[in-house]
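As a plain string of letters, each chain reads:
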Amino acid sequence: MPTRLVLLFLVLLLLSACIRSGDPYQRSPAAGVGWKIIMDKRPPAYLVAVDGTECTVSAERFRQVEPGDRVLCAWRREGPSVRPAQRP
């Protein structure tokens with residue numbers, strides 16, 4: 001009996017890991033770690049997602065990624081490549 005419960009628990013755990021909520025291509029302005037589609041690249045090492053969030057990557061990764069690629073990264077709303085407007 002305990003073996004069946006353990007097996008049931010493992011099956012439910014695996015199934016819950018496979019269930020995704022929402023559209024993975026949805027434009028989500030959320031910051032944090034996740035997959036996003038690249039819209040733009042800003043030298044020397046900034047990737048900009050379609051929702052405007054950005055992340056910093058290594059020089060090698062920057063060269064490899066092209067707009068349209070899906071990238072797993074630590075995204076933030078305003079990063080170092082966003083420069084404030086010049087004030088008089």
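This text goes with the structure placed above it.
A brief report on the enclosed structure follows. None of the values given here were measured: they were computed from a predicted structure.

A cluster of nonpolar side chains, namely Val33, Trp35 and Leu72, defines an oily patch on the protein surface of about 350 Å² accessible area. Tracing the backbone through its elements, the reader meets Leu72 in strand β4 (residues 70-75).

Looking now at the sheet that holds strand β1 (residues 32-42). Strand-to-strand pairing in sheets goes through backbone hydrogen bonds, with the strands running parallel or antiparallel. Here four strands make up an open sheet; going across it, the order is β3-β2-β1-β4 and the pairing antiparallel. The sheet is open, and its two edges are formed by β3 (54-56) and β4, each paired on a single side. Neighbour-to-neighbour, the strand axes of the sheet open up by a mean angle of 55 degrees, direction not taken into account. Sheet topology places strand β2 (residues 46-49) next to β3; three bridges connect them, and they run antiparallel.

Take the packing of aromatic side chains next. One pass over the structure, following the stated rule, counts zero aromatic pairs. Directly above the ring of Phe62 sits Lys41, whose terminal nitrogen or CZ lies 4.6 Å from the centroid.

This paragraph deals with the pattern of salt bridges. The tally for this structure, following the rule as stated, stands at four salt bridges. Between Asp40 and Arg42 there is a salt bridge, and its shortest N-O distance comes to 3.9 Å. Between Glu54 and Arg42 there is a salt bridge whose closest N-O contact spans 3.4 Å. Within this pair, whereas Glu54 is found in strand β3, its partner Arg42 is found in strand β1, the two being separated by twelve residues in sequence. Using a relative accessible area of 29% as the deciding quantity, one classes Arg42 as partly exposed. Residues joined in a network through salt bridges with shared partners are Asp40, Arg42, Glu54 and Arg76.

Calculation criteria
- Residues numbered from 1 in each chain as written.
- Predicted model: local features only at pLDDT ≥ 70, side-chain atom pairs only at ≥ 80, totals over all residues.
- Heavy atoms only, no water.
- Patch = residues over 30% accessible without salt bridge, like charges linked within 9 Å, V, L, I, M, F, W, Y side chains within 5 Å.
- Areas by Shrake-Rupley, 256 points an atom, 1.4 Å probe, with all protein chains shown as cover.
- Salt bridge = Lys/Arg side-chain N within 4 Å of Asp/Glu carboxyl O.
- Helix = DSSP H or I, 4+ residues; strand = E, 2+ residues; numbered from the N terminus.
- Pairing = 2+ DSSP bridges.
- Axes fitted to C-alpha atoms, helices over the stretch in contact; angles between N-to-C directions.
- Phe/Tyr/Trp six-rings, centres within 6.5 Å; stacked < 30°, edge-to-face > 60°.
- Lys NZ or Arg CZ within 6 Å of the ring centre and 35° of its normal.
- Buried < 20%, exposed > 50% of the residue type's maximum accessible area, 1.4 Å probe, protein only.

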